[in-house]
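As a plain string of letters, each chain reads:
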Amino acid sequence: MARTVTFNQLGPVGLICIDNPPVNAISHSVRLALADVVARAEKNPGIKALLIMSEGSPFSAGADITEFDRPEGEPSLQQVQAALEAFPIPVVAAIHGLALGGGLELAMACHYRLAHKDAKLGMPEITLGIIPGAGGTQRLPRLIGARAALNMILSGTPISAPEAKTKGLVDEVAEDDLRNAGLFFCERLVQEGLGPRPTCSRTVTDGLDEAEIASALLPHARALKGRTTQELVIEAIKASKLPFSQGIAIEAALAQKSLASRESLALRHVFFAERESGKSSGVSAVEAKRTLSPAIHRVAVIGAGTMGSGIAIAFADAGLEVLLNDNDPASLIRSRERIHSTYASGVRRGRIHQNVADERIRRIRNARTLADVADADLVIEAVFEDRELKKDVLSKLDSVLPPQRLIATNTSTLSVSELARATAHPGRVLGLHFFVPAQASRLLEIVRTDHSSPESLSTAFCVAKLLKKVAVVSRDAFGFIGNRMMLDGYFREAEQLLLEGATPIQVDTALENFGFAMGPQRVSDLGGNDVGTKARVQLFKREKRPDPYFVIADRLTEMGKLGQKTGRGFYCYENGSREAMPDPEVNNLIEKLAFERGISRHEIGNEEIVERCILALINVGAMVLEEGIAARAADIDVVWTSGYGFPRHLGGPMFYADTLGLSEVLQRIRHYHEKLVYYWRPATLIERLASAGTSFEQWDRASAPR
Ligand code: 3HC
Ligand code: NAI
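None of these values were measured; they are calculated from a predicted model.

(A) Structural detail: the site of ligand 1. Ala61, Gly102, Glu105, Glu125 and Arg275 are the nearest of the 25 residues found near ligand 1. Here Ala61 contributes a backbone N or O atom positioned 2.7 Å from a nitrogen atom of ligand 1. One of the side-chain N or O atoms of Glu105 is found 2.7 Å from an oxygen atom in ligand 1. About the coverage of ligand 1: the protein hides 71% of its 980 Å² of free accessible area. Among the elements of the structure, β5 (98-100), α3 (102-108) and α11 (262-277) are those that each provide at least two residues to the shell around ligand 1. At 3 residues, the largest contribution of residues to the shell around ligand 1 is made by α11. The class makeup of the residues in the shell around ligand 1 is 15 nonpolar, 4 polar and 6 charged.

Structural data, given as structure tokens:
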């Protein structure tokens with residue numbers, strides 16, 4: 001087994017170095033090795049101080065999440081911490097990069113901490129549905145106060161080293177060479193005779209009253225909607241007022257409870273699903289090895305409209321040079337205004353410094369002609385959604401760019417394969433489906449055709465990584481993964497429920513209470529009902545199949561009720577407000593459309609609304625899997641949690657189906673098939689998995705490419 005911890009004596013200092021790539025997780029092997037070196041150091045009278053550091057980066061990403069489903073092997077992190085905290089000579093942690101979760105908890109059990117000026121320290125456990133379980137809820141309040149600790153644990157976002165120093169979490173910030181600074185720090189402690197300073201011996205000086213708790217929760221209300229971990233966090237931090245031994249016992253019990261929760265299982269599923277989908281989806285291990293990560297410095301974007309401008313900003317934010325081309329000078333001027341106003345708003349909100357914004361704006365330069373983008377490392381086409389126009393642009397790009405460069409299209413409805421065939425090198429063409437706003441949305445669908453080369457796919461993954469987006473590979477097919485499931489499943493069912501008797505506000509509220517960030521009708525109004533109608537017309541035309549489902553949205557488009565931008569849509573928006581008010585006219589319209597279709601209207605319960613929309617989503621998700629459009633059920637979960645507002649703490653539609661049990665899912669789908677007939681045909685994959693008593697997760701393990 002590789003050594004995960006090294007030990008060296010440097011004069012009076014015992015230097016312990018954690019070396020467990022890729023992220024220095026505190027795995028069982030690290031804990032064993034730490035316990036061993038600490039015991040050995042204690043027996044060495046020449047050592048007067050211990051310094052704990054890490055190799056590589058980060059300092060530590062915390063406990064090893066892959067070990068969470070197994071019984072914890074001894075020594076536990078708590079046992080290692082207890083040995084360090086009780087150590088008879090000073091123990092110092094020197095932090096670089098990131099110290100997260102258990103990594104920071106390990107440092108907090110040391111007697112002193114210093115951090116490199118660029119280091120970040122955080123407790124992200126809440127994003128995994130667990131509470132800090134290695135003393136974090138007890139030691140952090142002792143170091144920075146209960147209120148500050150609550151804020152830090154609820155937000156899950158790391159703080160900078162200077163902020164950590166101000167708060168009292170670290171003693172010193174090192175400007176450059178951390179190892180040197182650590183050694184000097186230890187020697188100074190020895191010279192000055194400063195001994196151990198156990199965090200557990202301190203007391204918490206501030207308390208938490210209900211008003212403070214409420215105000216700490218407020219900024220996270222959206223992120224924590226429908227969640228329960230925060231209640232356990234609060235209970236544990238309150239216990240930090242008790243003697244340490246009692247508080248730590250309470251934390252341990254609460255941590256166990258959080259670890260066993262459905263919320264945590266779901267959030268951990270999404271954590272690993274995002275990493276898996278961004279790696280190998282659709283690219284076999286052999287293909288991946290054959291391809292080298294290309295160097296990407298300069299990117300060209302063709303079409304400076306809504307998407308092109310957002311994509312340009314996304315690349316400029318990632319530090320790349322961007323060439324922006326549009327054949328309409330007025331569009332380029334509008335795009336400049338959009339780019340400036342996006343950065344200005346970032347500056348106003350304190351998200352970005354003016355100088356940084358200026359530098360990013362300067363990185364986006366106009367390219368007069370397509371020939372001017374010939375030296376770009378890759379090109380993304382985002383012109384009007386017009387098949388012939390796109391074919392023309394792609395074939396021109398193909399003739400000016402060296403043959404190995406990637407050409408990506410941002411089409412949302414056209415066949416990427418057909419567009420690729422318009423070039424002489426279809427292997428270098430694929431889809432990069434960005435979502436609005438392109439600079440902020442997390443999801444990137446990579447659309448591969450039968451021709452797309454492994455090199456193109458590999459470049460696409462690099463692009464996602466550069467942009468810090470989660471990538472999911474989709475086969476080139478109607479709506480790719482996300483829009484196919486939205487149109488054929490989720491939105492379609494929402495419209496049907498309206499025709500059968502529900503109101504827009506009822507459908508939206510039911511789904512928002514389920515956990516969606518926004519209900520389907522509000523989403524339509526936000527994006528523009530006309531945008532939806534136009535995209536659907538293209539899509540259904542491509543499939544040569546009729547679209548009988550979206551009668552209400554299409555009629556609203558005809559009536560000019562385009563959504564928020566016109567003040568009327570499924571809802572009324574008074575005087576430019578974003579608040580959606582029910583519109584009696586729309587309710588009358590829905591009744592009329594239902595009557596024309598012979599649909600008898602009746603009251604529908606909220607439970608039925610949620611069940612039908614979610615089951616429709618799951619059913620089409622299973623079809624997307626059996627048709628090979630998505631490679632893994634987990635990929636579908638990533639698409640829906642990162643791009644379509646499906647509640648992350650429920651793990652995504654396919655994980656959620658597994659938690660319901662596929663037999664139950666099948667039985668309910670059959671129920672609606674019998675009751676409503678029309679489109680409720682159960683997916684064959686669900687029938688197969690349910691009769692075998694298995695799950696999507698097991699299907700992924702058995703069938704999906706690695
Ligand atoms: N345990 C196990 N594996 C981990 C891990 C962890 N804590 N953190 C990351 N990894 C793995 C990833 O799964 C990935 O594995 P793979 O290559 O096989 O897919 C690999 O490390 C690299 O991770 P990323 O692709 O995410 O690398 P990045 O450089 O993009 O990000 C990171 C690095 C910011 C550290 C990010 O991985 C991250 O946020 N990790 C999770 C941090 C976290 O939540 N820590 C708390 C853990 S829970 C805990 O400590 C409980 C404690 O209170 C007892
Ligand atoms: P847009 O209409 O805002 O912008 C298109 C731009 O392309 C215009 O500025 C136009 O002048 C320019 N253009 C047209 N022909 C050109 C040519 N020959 N050379 C250079 N530039 C040319 O369109 P939008 O919304 O930005 O969409 C662009 C693409 O992104 C479309 O394929 C669309 O389907 C896709 N998309 C759009 C989404 C959205 O919600 N708007 C979401 C995801 C994808």
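Okay, back to it.
(B) Region of interest: unusual backbone geometry. A cis amide bond links Pro21 to the next residue, Pro22, at an omega of 5°. Along the chain, Glu74 connects to Pro75 via a cis peptide bond; the corresponding omega equals 0°. With respect to the element layout, Pro75 can be found in the loop between β3 (49-54) and α2 (77-85).

(C) How the structure looks around the sheet that holds strand β16 (residues 443-448). Ordered by their spatial adjacency, 8 strands build an open sheet running β12-β11-β10-β13-β14-β15-β16-β17, and the pairing between neighbours is mixed. Each edge of the open sheet carries a strand with a single partner, namely β12 (364-366) and β17 (470-475). If you compare each strand with its neighbour and ignore which way they point, the axes differ by 25° on average. The sheet contact formed by strand β11 (residues 321-325) and β12 spans 3 bridges and is parallel. From the neighbouring strand, Val322 faces β12, where its bridge partner is Ile364. Sheet strands touched by helix α18 (residues 454-466): β13 (378-381), β14 (406-409), β15 (429-433), β16 and β17. Its angle to β15, the strand with the most contacts, is close to 25°.

(D) Up close: the pattern of salt bridges. If you walk through the whole model with that rule in mind, you get 47 salt bridges. The partner of Glu85 in a salt bridge is Arg139, with the nearest N and O atoms 2.7 Å apart. Note that Glu85 is positioned in helix α2 and Arg139 in helix α4 (residues 136-144), a separation of 54 residues in sequence. Residue Glu85 shares its accessibility class with Arg139, and that shared class is buried. Residues Arg484 and Glu627 are paired through a salt bridge, measuring 2.9 Å at the closest nitrogen-oxygen approach. Pair noted here: Arg484 is in helix α19 (residues 482-500) and Glu627 is in the loop between α25 (606-626) and α26 (633-643), with a separation of 143 residues, a long-range link. On the basis of relative accessibility, which here comes to 8%, the residue Arg484 falls in the buried class.

(E) Inspection of the confidence of the model for the chain at higher detail. Residues of the chain with pLDDT of at least 70 account for 96%, and the chain-wide mean is 94. Overall, residues 285-292 carries pLDDT values under 50, and its contacts beyond four positions in sequence, including any with other chains, amount to 10 contacts.

(F) Structural context of the site of ligand 2. Taken together, 24 residues lie around ligand 2, and Met307, Asp326, Ser331, Glu385 and Lys390 are the ones closest in. Residue Asp326 places a side-chain N or O atom 2.6 Å away from an oxygen atom belonging to ligand 2. Here Ser412 contributes a side-chain N or O atom positioned 3.0 Å from an oxygen atom of ligand 2. Contact with the protein chains removes 82% of the 840 Å² of surface that ligand 2 exposes when unbound. Per element, the largest residue contribution to the shell around ligand 2 is 3 residues, and it comes from helix α16 (residues 387-400). Looking at side-chain class alone, the shell around ligand 2 contains 10 nonpolar, 10 polar and 4 charged residues.

(G) Region of the structure containing the side chain of Glu445. With respect to the secondary-structure elements, Glu445 resides in strand β16. A relative accessible area of 0% places Glu445 in the buried class. Within polar-contact distance, the side chain of Glu445 engages the backbone nitrogen of Ile481 at 3.2 Å. Apart from residues lying up to four places away in sequence, Glu445 is in contact with Gly431, Leu432, His433, Phe435, Val472, Phe480, Ile481, Gly482 and Val639.

Definitions and cut-offs
Residues numbered from 1 in each chain as written. Chains lettered and ligands numbered in written order. Predicted model: local features only at pLDDT ≥ 70, side-chain atom pairs only at ≥ 80, totals over all residues. Heavy atoms only, no water. Near = heavy atom within 4 Å. Polar contact = N/O pair within 3.5 Å; in protein donor to acceptor, adjacent residues only side chain to side chain. Areas by Shrake-Rupley, 256 points an atom, 1.4 Å probe, with all protein chains shown as cover. Helix = DSSP H or I, 4+ residues; strand = E, 2+ residues; numbered from the N terminus. Nonpolar A, V, L, I, M, F, W, Y, C, P; charged D, E, K, R; others polar. Pairing = 2+ DSSP bridges. Axes fitted to C-alpha atoms, helices over the stretch in contact; angles between N-to-C directions. Contact = heavy atoms within 4.5 Å. Salt bridge = Lys/Arg side-chain N within 4 Å of Asp/Glu carboxyl O. Buried < 20%, exposed > 50% of the residue type's maximum accessible area, 1.4 Å probe, protein only. pLDDT = per-residue confidence, 0-100.

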